[in-house]
Amino acid sequence: MASVSGVCTSSSSTFKPERITSRATRTATTASASLSPSLRFLRNDSASCPNRSKLVSRPCDRLLHLRPTQSVAREAPANFSSSEVVPKESKGLEKDPISLWHRYVEWLYQHKELGLYLDVSRIGFTDEFFKEMEPRFQASFRAMEELERGAIANPDEGRMVGHYWLRSSHLAPTPFLRLQIDKTLDAICKFADDVVGGKIKPPSSPAGRFTQILSVGIGGSALGPQFVAEALAPDNPPLKIRFIDNTDPGGIDHQIAQLGSELASTLVIVISKSGGTPETRNGLLEVQKAFREAGLDFSKQGVAITQENSLLDNTARIEGWLARFPMFDWVGGRTSEMSAVGLLPAALQGIDIKEMLAGASLMDEANRTTVVKNNPAALLALCWYWASDGVGSKDMVVLPYKDSLLLFSRYLQQLVMESLGKEFDLDGNRVNQGLTVYGNKGSTDQHAYIQQLREGVHNFFVTFIEVLRDRPPGHDWELEPGVTCGDYLFGMLQGTRSALYANNRESITVTVQEVTPRSVGALIALYERAVGIYASLININAYHQPGVEAGKKAAGEVLALQKRVLTVLNEASCKEPVEPLTPEEIADRCHVPEDIEMIYKIVAHMAANDRAIIAEGSCGSPRSIKIYLGECNVDEL
């Protein structure tokens, strides 16, 4: 069994948060009752839009207006005049090799301690654009500083946003929060050590110890842990991990079936901030059913990660689950990887979580500088703004050239799109902002969609993720004289970058020395901060998700309608003789004729799952069908 020593005791002396000092004195403050002035950054600091003179012509450029109280928006105001359009120059991207080399050297960012590099030379922003963006960046830096001090950054929910404190607890605005963070980390480490060491064991497993983890959660409660597991778990971890991250019955059945007899030695981690997320609740109920059918006591193998006093927390406490860990109100799901959500599963797999925290803390410190060229997150935000015109006009394609980083694009998809995809800006203007993210891995991309990226519609920019070390020292060998397998991968990355740029396709390259807990922690922190800065530049709230809540509400309405449909069908099925009903008749009896289409979809789904019977017609001809239930439930009459 792999050793867990080092999982919670970093071998490096670097992770000493109390030694890391910010450029600004950080004192404990009381969170303000409303959004602080500097978090309303783009009121006076950026009364004019930056000059959009570029090195490449952009036929899809949006019109920009300069009203001081409005951000760049897709919808031009009624009083818009052509005199407000920022003049542009139409130039091609720099192609001279020597000039490109000088640009590469000038703009290359390096973090020596992390072994991380950021190359923005193949994004064609001009010096003029960079200078005119400077006031906006200074405003965003002030906003981020206020956020770290505990300002109310999510006015919709009246809460702080403090995921940065998780890896530098001394920055938390109150002693109570610092104590919460430190105690939780200690509890995670002790629990993981006890489980891996066999001190905490399942009651009826022949193995005598836990061998598997089944993580039940969705969204940020799954994507971060999945990414980290794929990137960092050893080949033979002390506990292997599986995920139930959806309410798909087939997917749930598959994961439980794959566990087989090892269900008896499976530690089940249920992750839900509110404790009421339907998909997670459904997964929990399905797993508990499997435990009952196997004659196992779920409470002896269940762990909850949730907010204190949530429905899930109270259930776990009352039923006597094995352990409970907190989710903090001030940590959002998509930024929760450095909380118990991500750290507990990682530690149980033998991953050094303190090294992850150290990498994130070092990156956070680098991202606090107000010199844009020395701030890697600000450089990313600059590139995103330039490449997408500040309105999301182009997609971000993420291409990690390392198999273990395959899931990074999925992780970034939620982090970026849920944070930036907003209908309204902070001033209430309808802007429909966002930045679409998708990706694959290199060099698989060569055989997937590079053809379109190179020659098709030009609606994207690329982010390459490069890993310099191919294999552990002493394990490489040459396939042919002078060439290793990793050399081919390197060649594919560099060749793709060059081929895209030759056809005016811009790209960013993020390079790490190797995939380690420290570098993964740094990558997560880099993109968390870049999202926050970019949101400031475009004047939106990155820390709420009203669209997600709207989708949940709509789903609830569908299920409520289904219950009404079942009541109507049950009444008709209890008649003598049975009265099959058309969708129109069901809609009338439910008193919702406007929902006829949804009612048809509901009964078709029920019929496909043997919960209703089609007496006449077929689903291919919706008006022809008549439906009834297979049995009468008298108790429901």
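The written sequence of each chain sets the order in which its residues are numbered from 1. The predicted origin of the model limits local features to residues at a pLDDT of at least 70 and limits the giving and counting of side-chain atom pairs to 80 or more, whereas totals for whole chains, interfaces and linings rest on all residues. Side-chain numbers come from the whole structure's heavy atoms, not from hydrogens or water.

Novice: Help me understand the packing of aromatic side chains in this model?
Specialist: What describes a pair of aromatic rings is the distance from one ring centre to the other and the angle between the planes of the rings. A pair of aromatic rings is counted whenever rings of Phe, Tyr or Trp (Trp by its six-membered ring) have centres within 6.5 Å, and the orientation is called stacked for planes under 30 degrees apart, edge-to-face for over 60 and tilted otherwise. Per the counting criterion, the structure on display carries 20 aromatic pairs. Measuring from ring centre to ring centre gives 5.1 Å for Phe298 and Trp321, while their planes differ by 80 degrees; the resulting arrangement is edge-to-face. Taken together, the positions of Phe298 in the loop between helix 6 (278-293) and strand 8 (302-306) and Trp321 in the loop between helix 7 (311-319) and strand 9 (323-326) put the pair 23 residues apart, joining distant regions of the chain. By the burial criterion, Phe298 is buried, and Trp321 matches it. Ring centres of Tyr385 and Tyr534 lie 6.4 Å apart, and the angle between their planes is 65 degrees; on these two criteria the pair is classed as edge-to-face. With Tyr385 in helix 10 (residues 376-387) and Tyr534 in helix 14 (residues 517-537), this residue pair connects regions lying 149 residues apart in the sequence. In this structure an aromatic cluster arises from ring pairing among Phe129, Phe227, Trp384, Tyr385, Trp386, Phe408, Tyr411, Tyr527 and Tyr534. To sit over a ring, a charge needs its Lys NZ or Arg CZ within 6 Å of the ring centre and within 35 degrees of the ring normal. A cation over a ring is seen here: Arg103 above Phe125, with NZ or CZ 4.8 Å from the ring centre. Elements are defined by DSSP. Helices are runs of H or I of four residues or more, strands are runs of E of two residues or more, and each kind is numbered from the N terminus. Categorising residues by exposure relies on relative accessible area from a 1.4 Å probe, with only protein chains included: less than 20% of the type maximum marks a residue as buried, more than 50% marks it as exposed, and the intermediate range marks it as partly exposed.

Novice: I keep staring at the pattern of salt bridges and nothing clicks. Help me out?
Specialist: If charged atoms from side chains of opposite charge come close, those side chains can pair. The working definition used for a salt bridge is a side-chain nitrogen of Lys or Arg within 4 Å of a carboxyl oxygen of Asp or Glu. Tallied over the entire structure, the rule returns 18 salt bridges. Lys373 is paired through a salt bridge with Glu106; the nearest N and O atoms lie 3.7 Å apart. Residue Lys373 is located in the loop between helix 9 (353-366) and helix 10, and its partner Glu106 is located in helix 1 (residues 97-107); the two are separated by 267 residues in the primary sequence. Relative accessible area serves as the criterion here: at 45%, Glu106 is assigned to the partly exposed category. Via salt bridges that share partners, Glu148, Glu365, Arg368 and Arg529 belong to a single interconnected network.

Novice: Where do I start with the state of the cysteines in this structure?
Specialist: Disulfides are covalent bonds that connect the sulfur atoms of two cysteines. The term disulfide is used for any two cysteine sulfur atoms that are within 2.5 Å. Within the structure shown, the criterion is met by one disulfide. Between the sulfur of Cys574 and that of Cys632 lies a disulfide, 1.7 Å long from S to S. Since a negative S-S torsion denotes a left-handed disulfide, the Cys574-Cys632 link at about 100 degrees is right-handed. With a gap of 58 residues between them, Cys574 in the loop between helix 15 (546-573) and helix 16 (583-589) and Cys632 in the segment after strand 17 (626-628) connect regions that are remote in the sequence. Of the residues examined, Cys574 reaches a relative accessible area of 21% and is grouped as partly exposed.

Novice: When you look at unusual backbone geometry in this model, what are you seeing that I'm missing?
Specialist: Peptide bonds are trans in most cases, and residues, glycine excluded, mostly fall at negative phi. Geometrically, the link from Gly442 to Ser443 is a cis peptide bond, its omega value of 5 degrees lying close to zero. Here Ser443 lies in the loop between strand 11 (437-439) and helix 12 (450-455). A positive phi angle, near 60 degrees, is found at Asp389, a position not held by glycine. Along the chain, Asp389 falls in the loop between helix 10 and strand 10 (395-400). The residue Asn539 is not glycine, and still its phi comes out positive at about 65 degrees. For Asn539, a relative accessible area of 1% puts it in the buried group.

Novice: Which parts of the structure should I look at to understand the pairing of strand 7 (residues 266-271)?
Specialist: In summary, the side chains of a regular strand alternate between the two faces of the sheet. Among the six residues that make up strand 7, six are buried, leaving the element largely enclosed by the rest of the structure. The two faces of strand 7 match: Thr266, Val268 and Val270 on one face and Leu267, Ile269 and Ile271 on the other face are all buried. Here, a strand pair is defined by DSSP locating no fewer than two bridges between the strands. With five bridges joining them, strand 5 (residues 212-216) and strand 7 adopt parallel strand pairing. Counterpart to Ile213 in the pairing with strand 7 is Leu267.

Novice: Where do I start with the sheet that holds strand 8 in this structure?
Specialist: Backbone-to-backbone hydrogen bonds pair the strands of a sheet. The strands run either parallel or antiparallel. What the five strands build is an open sheet, ordered 6-5-7-8-9; its pairing is parallel. Two strands lie at the open edges of the sheet, namely strand 6 (240-244) and strand 9, each paired on one side alone. Sheet twist, expressed as the average angle between the axes of neighbouring strands with direction ignored, equals 20 degrees. Two elements, strand 5 and strand 6, share five bridges in a ladder whose sense is parallel. Residue pairing in the sheet places Leu214 in a bridge with Arg242 of strand 6. Here an angle of 0 to 180 degrees is reported between the N-to-C directions of two axes, which are lines fitted to C-alpha atoms, with helices fitted over the stretch in contact.

Novice: How should helix 15 be read in this particular structure?
Specialist: Helical periodicity: at 3.6 residues per turn, an α-helix aligns residues three or four positions apart in one direction. The end-to-end C-alpha distance of helix 15 is 41 Å, a good match for the 40 Å that 28 residues give at a rise of 1.5 Å each. Note on definitions: a residue-residue contact is assigned when non-hydrogen atoms from the two residues lie within 4.5 Å. Tucked into the core, helix 15 has its buried residues touching helix 16, helix 17 (596-608) and strand 17. To estimate how far a helix should extend, the number of its residues minus one is multiplied by 1.5 Å.

Novice: I'm lost on the sheet that holds strand 1 (residues 109-111) in this one. Help?
Specialist: An order of 1-2-15-12-10-11 is seen for the six strands of this open sheet, with the pairing classed as mixed. At either end of the open sheet lies a strand with only one pairing partner, and these are strand 1 and strand 11. Direction aside, the axes of adjacent strands within the sheet are offset by 15 degrees on average. The pairing of strand 10 with strand 11 spans three bridges and is classified as parallel. Within strand 11, the residue paired with Val397 across the bridge is Tyr438.

Novice: Before we go on, may I ask you to explain the side chain of Arg167 in this structure?
Specialist: Positionally, Arg167 belongs in the loop between strand 4 (159-160) and helix 3 (175-196). For Arg167, a relative accessible area of 1% translates into the label buried. The term polar contact refers here to a pair of N or O atoms within 3.5 Å; inside protein, the definition further demands a hydrogen-donor-capable atom paired with an acceptor-capable atom, and it admits residues adjacent in sequence only when both atoms are side-chain atoms. Of note is the side chain of Arg167, whose polar atom sits 2.6 Å from the side chain of Glu528.

Novice: Sorry, what's going on with a nonpolar patch on the surface here?
Specialist: Two distance rules govern patches: like charges are joined within 9 Å, and nonpolar side chains (Val, Leu, Ile, Met, Phe, Trp, Tyr) within 5 Å, applied only to residues with over 30% relative accessible area and no salt bridge. Using the Shrake-Rupley algorithm and a 1.4 Å probe, accessible areas are obtained, with residue cover drawn only from the displayed protein chains. The grouping of Trp477, Leu479 and Tyr488 at the surface amounts to a nonpolar patch, some 340 Å² of accessible area in total. As for its placement among the helices and strands, Trp477 is situated in the loop between strand 12 (460-467) and strand 13 (478-480).

Novice: Got a minute to help me understand the packing of helix 3 against helix 9 in this structure?
Specialist: Helix-helix packing is described using two parameters, namely the angle between the two axes and the distance between the axes. One way to put it is that helix 3 packs onto helix 9 with a least axis distance of 11 Å and a crossing angle of 145 degrees. Touching Leu185, Ile188 and Cys189 of helix 3 are Ile353, Lys354 and Leu357, all from helix 9.

Novice: Looking at this structure, I do not really get the environment of Arg518. What am I missing?
Specialist: Along the chain, Arg518 falls in helix 14. Residue Arg518 is classed as buried on the basis of its relative accessible area, which comes to 10%. Looking at Arg518, its side chain comes within polar contact range of the side chain of Glu355, at 3.1 Å.

Novice: Can you help me understand the environment of Glu455 in this one?
Specialist: Mapped onto the secondary structure, Glu455 falls in helix 12. Look at Glu455 and you get exposed, because its relative accessible area is 54%. Placed 44 residues apart in sequence, Glu455 and Ala499 show a C-alpha to C-alpha distance of 10.0 Å. Setting aside chain neighbours within four positions, we find Glu455 in contact with Asn503 and Arg505. A distance of 2.9 Å separates polar atoms of two side chains, one belonging to Glu455 and the other to Gln451.

Novice: When you look at the pairing of strand 5 in this model, what are you seeing that I'm missing?
Specialist: The buried count for strand 5 comes to five of five residues, which makes it a mostly enclosed element. Between the parallel pair strand 5 and strand 6, the chain is carried across by helix 4 (residues 220-232), and the sense of this crossover is right-handed. When the strands point away from the viewer, a crossover counts as right-handed if the route from the first strand across the helix to the second turns clockwise.

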